[in-house]
Amino acid sequence: MVVQSKHFLNTAPSLVLDSLEGLCAINTHLALDPIHRVVYLADQDRSKVALLCGGGSGHEPSHSGFVGQGALTAAVCGNVFASPSAGQVRRAVDLIDNEKGTIIVVKNYTGDVLNFGLAKEEYAARDPEKADRVKFVIVGDDVAVGRTQGNIVGRRGLAGVCLVYKIAGALAQTGAPVDEVYDVAQYVSSRLGTIGVGLDHCHVPGTAVPDTHLGANELEIGLGIHNENGHRRISPVPPLNELIPTLLEMITSTTDRERSFVPFKNDGTDRVVLLVNNLGGLSELELGGIVAEVRRALDKTGIKIMRLLSGSLMTSLNMPGFSITMLLLPAANDTGIPSADLILSLLDDSTNTPGWKWSSRSVPKPLSVSSSLPTATRAKAWSASLKAPDINQFNSAVERACRALITAEPEITRMDSIAGDGDCGLTLKGGATAVLEALSRNSISGNDVLGSVITISRIAEDAMGGTSGALYSIFFSALAQALAKSSSSTATQEVWCTALEAALGRLYTYTRARPPSRTLVDPLAAFIGALSSGLAAAVEAAREAAEGTKDIEAKAGRSAYVDSIKLKAERVADPGAWGVKVVVEALAQ
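Residues numbered from 1 in each chain as written. Predicted model: local features only at pLDDT ≥ 70, side-chain atom pairs only at ≥ 80, totals over all residues. Heavy atoms only, no water.

Turning our attention to the environment of L507. Tracing the sequence through the fold places L507 in helix α13 (residues 493-508). Beyond its immediate stretch of four places on either side in the chain, L507 contacts L471, I474, F475 and L524. (Helix = DSSP H or I, 4+ residues; strand = E, 2+ residues; numbered from the N terminus. Contact = heavy atoms within 4.5 Å.)

What holds strands together in a sheet is hydrogen bonding between their backbones, with the strands either parallel or antiparallel. Taken in spatial order, the six strands of this open sheet run β1-β2-β4-β3-β5-β6, and their pairing is mixed. Edge positions in the sheet fall to β1 (30-33) and β6 (134-139), since each has one partner strand and no second. Direction aside, neighbouring strands of the sheet carry axes that sit 20° apart on average. Looking at chain direction, strand β2 (residues 38-41) and strand β4 (residues 74-80) are connected through three bridges and run antiparallel. Across the sheet, residue Y40 finds its bridge partner in β4, namely A74. (Pairing = 2+ DSSP bridges. Axes fitted to C-alpha atoms, helices over the stretch in contact; angles between N-to-C directions.)

Bringing unusual backbone geometry into the picture now. Geometrically, the link from S62 to H63 is a cis peptide bond, its omega value of 0° lying close to zero. Structurally, H63 can be placed in the loop between β3 (50-57) and β4. Of the consecutive residues P515 and P516, the connecting peptide bond is found in the cis state with omega at -5°. In this structure, P516 sits in the loop between α13 and α14 (521-530). Although it is not a glycine, N266 sits at a positive phi angle of roughly 55°.

Our next topic: the packing of aromatic side chains. All chains considered together, the criterion is met by four aromatic pairs. Ring geometry for F66 and Y165: centres 5.5 Å apart, planes at 55°, overall tilted. Of this pair, F66 sits in the loop between β3 and β4 while Y165 sits in helix α4 (residues 160-173), and the two are 99 residues apart along the sequence. Geometrically, the ring pair formed by Y472 and F476 is stacked, given 6.5 Å between the ring centres and 15° between the ring planes. Residue Y472 and its partner F476 are both found in helix α12 (residues 466-484); the two are separated by four residues, about one turn of the helix. Of the two residues examined, Y472 and F476, each falls in the buried class. Each residue in the set F66, Y165 and W356 is aromatic and connected to the rest through ring pairs, giving one cluster. The aromatic ring of W356 is capped on one face by K166, whose charged end is 5.7 Å from the ring centroid. (Phe/Tyr/Trp six-rings, centres within 6.5 Å; stacked < 30°, edge-to-face > 60°. Buried < 20%, exposed > 50% of the residue type's maximum accessible area, 1.4 Å probe, protein only. Lys NZ or Arg CZ within 6 Å of the ring centre and 35° of its normal.)

In structure tokens, the structure reads:
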């Protein structure tokens, strides 16, 4: 795979400050010290404990996006993946100085620990009477780094830090003393486990494209949020239902001597807060699928999810990957520690930070496999009175057409990536595959032409979707209506001609496309118009019409939104029209 290395920016050096200015424009509760790149609450309540976090940029919304009431009081931002200096941190501590005390929360990376720690010590040396009012919390939640490897440096800090400062920040908002806020932050930090996985590394603006990217069918488990290599690589990329249990085992295991960082009991009594975090480059569609699979996997283990959060909280620029974080809640009979109810209530408390994601603030409901509403049944409202002249020939023709579409998918997809949105090939392939399955079940057969056409219409609706699915479904539904009116018991060429002409007319009531329009209507209309002269003539007419779309200016369909000059220069046929051509050519073989 090639790392995506193009970015929208003025210059690489100005990107961090530009981004902070944008954040402060969005959130009017914030103020910015541009010299030290500190984002802080403009109207801080100095009677309450303040929380400070920070680190290298490139992990947005962490940490600047979490500055707000009920979370962080300030965030210090270094260059991309580089710790801020001690001077920047000292400035942040001064900006949020208060009556109660300050808690500094950092991810466990050497630069962050040293620079934030140096600032804390310098602050204490300058104001000895305030020394005990500045606390230091180091969060290391990564389970990819085993005990042997991390013997001295410890575990890396990942997305779990977001839960720490959300919970601690909510507690500080109540007016709790600094020692209590510190103790809760430390406890939460000790109960975290996070594992990340990526399809590739990310690209840092202003740097050369890295040569450490993964193969096209390879993923990496345990990679860091600064492009550090991970625990191991896997090829081929497994399906989620195989990958997720492996990742969860790394967090929950109590037998792995290198890990077992969090004291799970694995006896059905464990309760957790689950965070599924987008590392920056995943679509919301994929992330939703990941959340669902994590939920299913945890249900199988008996671990109960008390809260579920998902979204981009701790990213790594444009990294195509995700991380799973679990916060193990205390048991009901645990004493001398924060209760689960307290932790959950603090997590649920409102905050005005743009980085914090919406949640239901409740236990996820059990997964349901069907709606509670009754589903209408599709009754068979026709008799199998219309048969093909040759049943085997009909079935073979349908099979040939489907296999031809499946074979043509890469070429149709290529066309549609130029002339449309890139999904036409896969849409047609999905429909063809479903028709083949119906054919194998005898749901489609020359013994029942009318029923077969209705089945194909439903498949177009259910298996294809989108514009193509709707057009095909309308056309085949209209075709079935016309065939049902035939008095013949055999689907002769004359019967087909009459029914196809009626179906095309009905289709025209739902689309403005008329030949020549550079759409599937062009070869479809050509085929139907010439069918009375024989199948061979109709196929040739359809072929010429499909080829002709290469030189036609689009009047409708997906191509109407594409630069006509580019289309003419590329001489790419309309993908939908090409699909019709493939089908009718296969029917005639």
